[in-house]
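Descriptive analysis of the structure
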Amino acid sequence: MAAAPTAAGAAARAGAPAGSYDAIVIGGGHNGLVAAAYLARSGARTLVLEGRHKTGGAATTEAPWPDAPEFRVTRLSYVMSLLPPTIIKDLDLARHGYKIYPMGPYYQAFPEGGSIKLYADDARRNHEEVSKWSKKDADAMPRWDAWLAGLADVLGPLLLTVPPNLGSRKPRDLRETLRLAWRNRGLDVRTVADVTRLMTMSIADLLDDWFESPQVKGALAVNGVIGTWAGPYEPGTAYVMAHHSIGDVGDGHLGNWGFQEGGMGGVSSAIESAAREHGAEVRLNAKVARILVENGQAAGVVLENGDEIRAQVIVSTLHPRTAFLDQIGREHLPPDFLGDIEHWKTRSGVVKINLALAELPDFIADPGSNLQEHHSGSVEMAPTMEYIERAFQDAREGQAAVRPFSDGVIPTAFDKTLSPEGTHIMSLFTQWVPAGWSEEPHTAELEAYADRMIDCYNELAPNFKASILHRDIVGPHEMEQEYGLVGGNIFHGELSLEQLFHMRPAPGYADYRTPLPGLYYGSSATHAGGGVCGIPGWQAARAAIADQKSAKRAGQVRRLTRRA
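Reading the values: the criteria
Residues numbered from 1 in each chain as written. Predicted model: local features only at pLDDT ≥ 70, side-chain atom pairs only at ≥ 80, totals over all residues. Heavy atoms only, no water. Helix = DSSP H or I, 4+ residues; strand = E, 2+ residues; numbered from the N terminus. Buried < 20%, exposed > 50% of the residue type's maximum accessible area, 1.4 Å probe, protein only. Contact = heavy atoms within 4.5 Å. Areas by Shrake-Rupley, 256 points an atom, 1.4 Å probe, with all protein chains shown as cover. Pairing = 2+ DSSP bridges. Axes fitted to C-alpha atoms, helices over the stretch in contact; angles between N-to-C directions. Salt bridge = Lys/Arg side-chain N within 4 Å of Asp/Glu carboxyl O. pLDDT = per-residue confidence, 0-100. Core = buried A, V, L, I, M, F, W, Y, C linked by side-chain atoms within 4.5 Å. Polar contact = N/O pair within 3.5 Å; in protein donor to acceptor, adjacent residues only side chain to side chain. Expected span 1.5 Å × (residues − 1). Parallel < 35°, antiparallel > 145°, perpendicular 65-115°, else oblique. Left-handed = near helix turned anticlockwise from the far one by under 90°. Nonpolar A, V, L, I, M, F, W, Y, C, P; charged D, E, K, R; others polar. Phe/Tyr/Trp six-rings, centres within 6.5 Å; stacked < 30°, edge-to-face > 60°. Lys NZ or Arg CZ within 6 Å of the ring centre and 35° of its normal. Arc of directions from axis to C-beta.

Focus: the overall build of the protein chain
Secondary structure summary: the protein chain contains 18 helices and 18 strands in total. Per-residue burial over the protein chain gives 59% buried out of 564 residues. Across the protein chain, contacts joining residues at least 24 apart in sequence account for 72% of those joining residues at least 6 apart. Working note: accessible area of the protein chain is about 22,000 Å², and carbon and sulfur atoms make up 53% of it.

Overview of the sheet that holds strand E15 (residues 405–409)
Spatial strand order, E7-E6-E14-E15-E16-E13-E17: seven strands in an open sheet with mixed pairing. The outermost strands of the open sheet, each flanked by one partner alone, are strand E7 (115–118) and strand E17 (468–474). On average, each strand axis in the sheet is tilted by 20° relative to the strand beside it, whichever way the strands run. As paired elements, strand E13 (residues 350–357) and strand E16 (residues 424–431) share eight bridges and run antiparallel to each other. By the bridge assignment, Lys352 is partnered in E16 with Phe429.

Some points on the pattern of salt bridges
Applying the stated criterion across every chain yields a total of 29 salt bridges. Connected through salt bridges with shared partners, the residues Arg52, Glu62 and Glu482 form a single ionic network.

Considerations on the confidence of the model for the protein chain
Confidence along the protein chain averages 90 in pLDDT terms, with 90% of residues attaining 70 or more. Throughout residues 2–16 the model reports pLDDT below 50, and contacts reaching past four residues in sequence, or to other chains, amount to 27 contacts.

Regarding the nonpolar core
Across soluble globular proteins, nonpolar side chains show a tendency to be buried alongside one another. If you look at the biggest cluster of nonpolar residues, it comprises 87 residues, and the most contacted ones within it are Trp144, Leu198, Leu206, Leu355, Met426 and Phe464. Here this core gets ten residues from one element, more than from any other, and that element is helix H5 (residues 135–159). For Leu355, the residues in contact, after removing those within four places along its chain, are Trp65, His424, Ile425, Met426, Leu428, Ile454, Phe464, Ile468, His470 and Arg471. One finds Leu33, Val34, Leu82 and Ala275 within the second-largest nonpolar core, a separate group that totals 43 residues.

Quick word on the side chain of Ser134
Position of Ser134 among the secondary structure elements: in the loop between helix H4 (123–131) and H5. Polar side-chain contacts of Ser134 include one of 3.4 Å to the backbone nitrogen of Lys136. A polar side-chain atom of Ser134 sits 2.7 Å from a polar atom in the side chain of Glu212. Ignoring any residue separated from it by four or fewer positions in sequence, one finds Ser134 in contact with Glu212 and Ser213.

Remarks on helix H11 (residues 265–277)
When the terminal C-alpha atoms of H11 are compared, their 18 Å separation across 13 residues agrees well with the 18 Å that a helix rising 1.5 Å per residue should span. Among the residues making up H11, those that are buried are Gly265, Gly266, Val267, Ser268, Ala270, Ile271, Glu272, Ala274 and Ala275. In this fold, the buried residues of H11 make contact with helix H2 (30–41), strand E3 (61–62), strand E8 (258–260) and strand E9 (281–283). Of the residues one or two after H11, Gly279 is the one with positive phi, at around 110°.

What about the packing of helix H8 (residues 203–210) against helix H9 (residues 214–221)?
The geometry of H8 relative to H9 is characterised by a closest axis approach of 10 Å and an angle of 135° between their N-to-C directions. Taken together, the axis directions place H8 and H9 in an arrangement best described as oblique. Read as a crossing pair, H8 and H9 show a hand that is right-handed. Contact with H8, carried on its side by Ile203, Leu207 and Asp208, involves Lys217, Leu220 and Ala221 of H9 and no other residues of that element. Class assignment of the residues belonging to the contact of H8 with H9 gives a composition of four nonpolar, no polar and two charged.

Some thoughts on the packing of aromatic side chains
Within this structure, the stated rule accounts for 18 aromatic pairs. Geometry around Trp538 places Arg542 over its ring, the cationic atom sitting 4.6 Å from the centre.

What to know about H8
Every buried residue of H8 is accounted for by Ile203, Ala204, Leu206 and Leu207. Take H8 and look down its axis: the buried residues cluster within an arc of 160°, on one side only. Where the residues of H8 are buried, they touch H5, helix H7 (189–200), H9, helix H10 (237–243) and helix H14 (385–396).

Re the pairing of strand E11 (residues 297–303)
A regular strand places its side chains on the two faces of the sheet in alternate fashion. With six of seven residues buried, E11 lies mostly within the body of the structure. Alignment of strand E10 (residues 288–294) against E11, held across six bridges, turns out to be antiparallel. Within E11, the residue paired with Leu292 across the bridge is Gly300. Hairpin connection between E10 and E11: a loop of two residues separates the two successive antiparallel strands, and Asn295 in this loop has a positive phi of roughly 55°. In terms of strand pairing, E11 meets strand E12 (residues 308–316) through three bridges, oriented antiparallel. When the sheet's bridge partners are listed, Gly300 is paired in E12 with Arg310.

Section: the packing of H4 against H5
Remark: H4 packs on H5, axes separated minimally by 7 Å, with the N-to-C direction vectors making an angle of 155°. With respect to each other, H4 and H5 are oriented roughly antiparallel. Regarding H4 and H5, the two cross each other, and that crossing is right-handed. Counted together, His127, Val130 and Ser131 of H4 and Lys135, Asp137, Ala138, Asp139 and Met141 of H5 form the full contact between these two elements. Residue classes in the contact of H4 with H5 are distributed as three nonpolar, two polar and three charged.

Examining the environment of Val34
Relative to the helices and strands, Val34 resides in helix H2. The residues contacting Val34, other than those within four sequence positions of it, are Ile87, Ile271, Gly534, Gly537 and Trp538.

See the structure below:
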C-alpha cells in the first residue's frame with residue numbers, strides 16, 4: 001500500500017487489472033465505511049461491497065411508509081455516543097455532514113404519579129430531581145457520577161486499545177501484553193477492585209449498593225440492559241451500563257448521547273463521503289457469496305452473481321457466523337477458532353418500533369403537547385428494575401413481554417429534517433421477545449406486542465395512541481434477514497463477560513486479524529463494538545496497513561540481501 005494519505009494514491013493505481021483492487025471491504029455499514037476510508041486514505045485502491053441497496057447497515061435512515069415518504073426514521077440504531085474524536089478529526093466528518101444535537105435529559109413518568117429527569121451535565125438539577133424520590137439518593141448522585149468518571153478514565157482508553165493475545169508466547173504478543181500492563185501501572189487496588197466488580201456484577205446489585213429509591217434505580221438500570229439478552233439481575237450487566245456511559249458526543253460531557261442530523265443514516269453518509277473523497281469505490285447490491293482462499297491466504301471474493309474480484313487485503317465487517325462459517329470453507333480455519341465462532345452468543349429479543357406522530361406525548365405528570373425539555377432526551381418505559389426484569393423473564397419463559405421495556409427518543413425535538421412541520425418521529429427501542437423469534441417473522445405477535453407497548457405509554461400520556469399516524473415494527477427476524485444482524489443482535493454478539501476484550505470474537509484473534517492471512521475483521525463483534533463507534537473498522541484498517549508496511553520492508557530487506 002502506498003503511503004500518500006490522499007485519493008491520488010488510489011487514482012495512480014487505476015491501471016491495475018480489471019477486477020483487481022488493493023483492498024476489499026465486505027459490508028458497507030459504518031464500520032466498513034470507516035475501514036474503507038482509512039485504507040483509501042493510505043493510498044490503497046479500495047472497494048466496498050454492500051449487499052443491500054444502500055450503505056449504512058444498522059446506522060440507516062429510511063422512509064418505511066410508501067404512502068408517507070415525507071416521514072423518515074432511524075430504523076435501527078438511533079443515537080450517537082462513542083465515535084472517537086480521532087476518527088471524526090482524521091476523516092474531517094463535520095465537513096462531510098456529521099452534525100450532532102446533544103440529547104436532553106433522561107425522562108420517566110410513573111404510573112403512581114410524578115416523574116424524574118436526569119441530566120448528563122447538571123448536578124444541581126439532578127439533585128433536585130432525585131430529591132423528589134429520596135434525599136439520600138440525591139446526596140449519593142455526585143459520588144456515583146465521580147465513581148463513573150473514574151472508571152471511564154480506565155475503560156475509555158481501553159476502547160481504543162488493541163487487546164493483546166493473552167497467553168501467547170509470540171514476541172509481539174508478549175510485548176503488547178507488557179505494554180498494556182505498563183500503561184495501567186498507576187491503577188491502585190481500589191480501582192482494580194471496582195473494575196472487577198463492574199465486570200462481574202449485575203446492574204441491579206450494583207445500584208442496590210448505591211441507591212434506595214426504586215424510581216432512581218430503574219432510571220439508572222436502563223443502560224445496563226440495552227440490546228442485551230439479560231435482565232438487570234444478570235451478572236455482567238453492570239459492565240453493559242459502563243460501556244454505554246463512558247462516551248460523549250464531542251461536548252465533553254461523560255455519557256452524553258446525541259442525535260445525528262438527518263438520522264443515523266447521516267453518520268454513515270458522512271463517513272461514506274469521506275471514504276469516496278479519498279478514492280474508495282462503493283458498490284451496492286453486491287452481496288459476497290464466498291471469500292477466495294489460495295495458497296492458504298485470502299485472495300479475493302466471489303459475489304452471488306458469480307463475479308470474481310481480487311485483492312491482497314480483505315476486511316470483513318459482517319457478523320462472525322456469516323464472515324467465517326458461511327463465506328470461508330471450514331477446511332481453511334483452525335478447529336478451535338471454528339468452535340469459538342459456532343458457540344458465539346448472539347441472542348437479542350429486541351423489537352424496534354418507529355412511529356410518526358401528529359403531536360408530542362402529553363404526559364399527566366408534565367402536561368402539554370408543546371415541545372418541552374422532557375421530550376428532548378430519552379423518554380423511557382422503565383419505571384423500576386422489577387418492571388424491566390419481568391419483561392425479560394416473560395421472554396425467557398417463551399412469550400413476548402406483557403409490559404415491554406422501552407428506550408424511547410424523539411429526534412425531531414431538534415432535527416426538523418425527518419418529518420413535516422408540526423409532526424414528529426418517535427423511536428422506541430423495546431425489549432423483549434423470545435430469542436427464537438429471529439427464526440420466523442412472528443408478524444401477528446409483533447403487532448400485538450407493539451399494541452401493548454403503545455398502551456404502556458398511553459397510560460402515562462393519554463393522547464399518545466391517538467396521535468400515531470404511522471408505525472413501523474422491526475423484529476429480530478427482519479433484523480437478521482434484511483440487515484444481517486444474526487439473532488437480531490445489534491452488537492453482532494452479546495456483551496457478556498466471556499465475549500469481551502481479548503475474547504471478542506475469539507481468544508487469540510482479538511487484534512482484528514484472523515486465522516487466514518490477508519483477511520482482517522472489523523465488525524461490532526470485535527473489541528469496542530457495540531454502538532456506532534467505528535473503532536472496529538478503524539482498527540482493522542490499521543492492522544492491515546501495518547502488516548502491508550511490514551511485508552514491504554521485509555521484501556526490501558530480502559532484495560538487498562540477495563544483491564549483497
